[in-house]
Amino acid sequence: SKTIEGFEVDLLTAIAKENGLKVEFSNMPFDALLPSILTEQIDAAVSCISMTEERAQIVDFVGPYYNAGLNALIRNEYQNKIKNNLDLNGKKICVVSGTTCEEYANSCNGSDVLKFPSENESFNAIENKECDLLIADAPVIEFQYIKMHPGKYYKFENNLTFEEFGIMTSKLRPELREKIES
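Bear in mind the structure is a predicted one, so any value in this text is a computation, not a measurement.

(A) Summary view of the overall build of the chain. On a plain count of helices and strands, the chain comes out with 7 helices and 8 strands. Projected onto its principal axes, the C-alpha coordinates of the chain cover approximately 55 × 35 × 25 Å. Across the 182 residues of the chain, 43% fall into the buried class. The contacts of the chain with a sequence gap of at least 6 include a subset with a gap of at least 24, amounting to 68%. Summing over all exposed atoms, the chain offers an accessible surface of approximately 10200 Å²; the carbon and sulfur share of this is 47%. Side-chain charges of the chain comprise 18 positive and 29 negative groups, with the mean position of each set lying 5 Å from the other.

Structure below.
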């Protein structure tokens, strides 16, 4: 459907209602979120955004609201070949551009990293066998891919990283951050 929905939409809607804020959602590529905050085209961003030190230097965060990490979604045909993070080296890896997933994939020696503007496009790429695996946020892998396609993919038992998700706002709008935090 064209309706934007999900946990983070519900979270931001509840925060807005509680604080008397108006909320309007817009769907955009992940790598457009940070520039859109910096240019004040949007007031806040929520989309499994990892609260990194690098990002916190240029934007504010409210949170964390969810503890997660990265994991790998791997086609079952590789079950005997890709067993741990070291086995990611030299593989063809799909990721969403501008994410910590991209950073992690780039650290895998000899890997070919295919970047996509959205999770749907990266999932289509693994579905079409354009890559061996994709790296994404563990909850996305678990709930959107593993549960929706039982027996087709697997993931690592332990996450590749630990990350905390936060709501991103502009450093120029501390009053908005404070309202969201309250």
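Here the narrative resumes, following the displayed structure.
(B) Spatial organisation of the environment of F162. Tracing the backbone through its elements, the reader meets F162 in the loop between β7 (153-154) and β8 (163-170). A relative accessible area of 59% means that F162 is categorised as exposed. Not counting chain neighbours up to four residues away, the residues in contact with F162 comprise N67, A68 and G69.

(C) Here's a closer look at the layout of surface pockets. There is about 220 Å³ of room inside the second largest pocket. Secondary structure elements with two or more residues in the lining of the second largest pocket: α2 (33-38), α3 (53-56) and α4 (100-106). With 3 residues, α2 is the single largest residue contributor to the lining of the second largest pocket. Tallied by class, residues from the lining of the second largest pocket come to 7 nonpolar, 2 polar and 5 charged.

(D) Up close: the nonpolar core. Within the largest apolar cluster, 25 residues are counted, with the highest numbers of intra-cluster contacts made by L73, I126, L134, Y145 and I167. Among the secondary structure elements, those contributing two or more residues to this core are α1 (7-18), β2 (59-68), α5 (119-127), β6 (133-137), α6 (138-146), β8 and α7 (174-181). If you tally residues by element for this core, the top one is α6, at 4 residues. Not counting residues up to four positions away in its chain, the partners in contact with I126 are L73, R75, C94, C131, D132, L133, L134 and Y153.

(E) Fine view of the side chain of D137. By the secondary structure assignment, D137 is in strand β6. One buried charge, D137, has no salt-bridge partner; the nearest side chain with opposite charge is R55, at 8.0 Å. Excluding residues within four positions of it along the chain, D137 makes contact with C48, S50, G69, L70, C101, E163 and F165.

(F) Inspection of the pairing of strand β3 (residues 70-75) at higher detail. In terms of burial, β3 is largely enclosed, as 6 of its 6 residues are buried. The side-chain alternation of β3 yields two buried faces, one formed by L70, A72 and I74 and the other by N71, L73 and R75. Bridge analysis of β3 against β7 gives 2 bridges, and the strand direction is antiparallel. By the bridge assignment for β7, R75 is matched with Y153.

(G) Local environment of α6. Buried residues of α6: A138, P139, V140, I141, Y145 and I146, and no others. Its buried side turned inward, α6 meets β2, β3, α5, β6, β7 and β8.

Cut-off values and rules
Residues numbered from 1 in each chain as written. Predicted model: local features only at pLDDT ≥ 70, side-chain atom pairs only at ≥ 80, totals over all residues. Heavy atoms only, no water. Helix = DSSP H or I, 4+ residues; strand = E, 2+ residues; numbered from the N terminus. Buried < 20%, exposed > 50% of the residue type's maximum accessible area, 1.4 Å probe, protein only. Contact = heavy atoms within 4.5 Å. Areas by Shrake-Rupley, 256 points an atom, 1.4 Å probe, with all protein chains shown as cover. Lys, Arg positive; Asp, Glu negative; His and termini not counted. Charge placed at Lys NZ, Arg CZ, Asp CG, Glu CD. 1 Å grid on protein atoms, 1.4 Å probe; cavity = no way out; pocket = protein on both sides within 12 Å on 5 of 7 lines; lining within 4 Å. Points joined across faces, edges and corners; volume = space filled by probe spheres on them. Nonpolar A, V, L, I, M, F, W, Y, C, P; charged D, E, K, R; others polar. Core = buried A, V, L, I, M, F, W, Y, C linked by side-chain atoms within 4.5 Å. Salt bridge = Lys/Arg side-chain N within 4 Å of Asp/Glu carboxyl O. Pairing = 2+ DSSP bridges.

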